[in-house]
Amino acid sequence: TPETQTTQELHVGKKKDDQVANTSTMVFNKVEISVEEQSKDPQKKRERKKQNLKGNLTPLTGKNYKQLLSRLEARKSKLEELKEKDEKKAQVLETKMKWTNVLYKAEGVKIKDNEVLLKAALKRKEKSKLQRKKQWEKKTEYTASKMQQRQDKRRRNIQKRKKAKVEKKKEKARKRGRVLPEDLKKASLK
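Quick caveat, the model's predicted, so the values are computed rather than measured.

(A) Representation of the overall build of the chain within the structure. Of the regular secondary structure elements, the chain holds 6 helices and 0 strands. Along the chain, from the amino end to the carboxyl end, the secondary structure elements read α-α-α-α-α-α. In the chain, which comprises 190 residues, the proportion classed as buried is 12%. Summed over its atoms, the accessible surface of the chain is roughly 18,100 Å², and 54% of this surface lies on carbon and sulfur atoms.

Rendered as structure tokens:
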């Protein structure tokens, strides 16, 4: 039938296409990605990191705002020193820094080079750290006082139980007709 013939031709056509694709070196609509085995050797890791650096400048990223501020200030001081010595070199370095930052931003890396924002973030982080410390101290103090209250209550209950036990024994003895020294003292006072 014509329908089966066309399906057979399609299957044959697919086989031919597969053979051609296997023998050809050019591949369409596929991206071949070579995955290098990442070794755990620290030296190789450092080398890989250096290769990813643009313009030999590490990007100003991360959450360590104190370090970021110090690095930013170091860069600024280096630029100022260079401006005093050689204006042209300073200009070149400044443009290089700007371009590397732009390249990092294009990759999607968040560059934190605004000194005002970094100082505000550092202040906010220190404030939250102080608040957490206060909360922790308050919590430990509260738990210690609660534990002390529970221990006191337990001690009182144990003493109460001991006294009740002793009184119960005395009452039993009195019922049996025993005369206790306490009873004699009470009788002599009356």
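(B) Local environment of helix 3 (residues 65-85). Taking 1.5 Å of rise per residue, 21 residues should cover 30 Å, and helix 3 covers 30 Å from first to last C-alpha, within 8% of that figure. Among all positions in helix 3, only Tyr65, Leu68, Leu69, Leu72, Arg75 and Leu79 are buried. Buried residues of helix 3 fall within an arc of 125° about the axis and therefore sit on the same side. In helix 3, the exposed positions that point more than 90 degrees away from the buried face belong to Lys66, Lys78, Glu84 and Lys85.

(C) Up close: the nonpolar core. Ranked by size, the top nonpolar core spans 8 residues in total: Leu60, Tyr65, Leu68, Leu69, Leu72, Leu118, Ala121 and Leu122. A per-element tally of this core places helix 3 first, with 4 residues. In contact with leucine 69, other than residues within four places in its own chain, are Glu115, Leu118, Lys119 and Leu122. Counting residues in each nonpolar core, the second largest holds 5 residues, with Leu57, Leu79, Ala90 and Met97 among its members.

(D) Inspection of the pattern of salt bridges at higher detail. Inspection of every chain in the model, using the stated rule, returns 7 salt bridges. Lysine 119 is the salt-bridge partner of glutamate 115, the closest N and O atoms lying 3.7 Å from each other. On the criterion of helical spacing, the pair formed by glutamate 115 and lysine 119 is a turn pair, its members being 4 residues apart in helix 5 (residues 115-175). We note a salt bridge from aspartate 183 to arginine 174, for which the minimum N-O separation is 3.0 Å.

(E) Expanded view of a positive patch on the surface. A contiguous patch of positive charge on the surface is contributed by Lys63, Lys66, Lys110, Lys125, Lys129 and Arg132. Top contributing element to the positive patch by residue count: helix 5, with 3 residues. With respect to the secondary-structure elements, arginine 132 resides in helix 5.

(F) Layout of the packing of helix 3 against helix 4 (residues 87-107). Contact geometry of helix 3 with helix 4 gives a least axis separation of 6 Å together with a crossing angle of 150°. Considered as vectors, helix 3 and helix 4 are oriented roughly antiparallel to each other. Two secondary-structure elements touch here, helix 3 through Arg75, Leu79, Leu82, Lys83 and Lys85 and helix 4 through Glu87, Lys89, Ala90, Leu93, Glu94, Met97 and Asn101.

(G) Layout of helix 4. Between its first and last C-alpha, helix 4 extends 31 Å over 21 residues, near the 30 Å set by a 1.5 Å rise per residue. Residues of helix 4 that are buried include every one of Ala90, Leu93, Met97, Thr100, Asn101 and Tyr104, and no others. Projected onto a plane normal to the axis of helix 4, the buried residues spread over an arc of 100° and lie on a single side. Facing away from the buried side of helix 4, by more than 90 degrees, are the exposed residues Lys88, Val92, Lys98, Trp99 and Ala106.

The rules behind each value
Residues numbered from 1 in each chain as written. Predicted model: local features only at pLDDT ≥ 70, side-chain atom pairs only at ≥ 80, totals over all residues. Heavy atoms only, no water. Helix = DSSP H or I, 4+ residues; strand = E, 2+ residues; numbered from the N terminus. Buried < 20%, exposed > 50% of the residue type's maximum accessible area, 1.4 Å probe, protein only. Areas by Shrake-Rupley, 256 points an atom, 1.4 Å probe, with all protein chains shown as cover. Expected span 1.5 Å × (residues − 1). Arc of directions from axis to C-beta. Core = buried A, V, L, I, M, F, W, Y, C linked by side-chain atoms within 4.5 Å. Contact = heavy atoms within 4.5 Å. Salt bridge = Lys/Arg side-chain N within 4 Å of Asp/Glu carboxyl O. Patch = residues over 30% accessible without salt bridge, like charges linked within 9 Å, V, L, I, M, F, W, Y side chains within 5 Å. Lys, Arg positive; Asp, Glu negative; His and termini not counted. Charge placed at Lys NZ, Arg CZ, Asp CG, Glu CD. Axes fitted to C-alpha atoms, helices over the stretch in contact; angles between N-to-C directions. Parallel < 35°, antiparallel > 145°, perpendicular 65-115°, else oblique.

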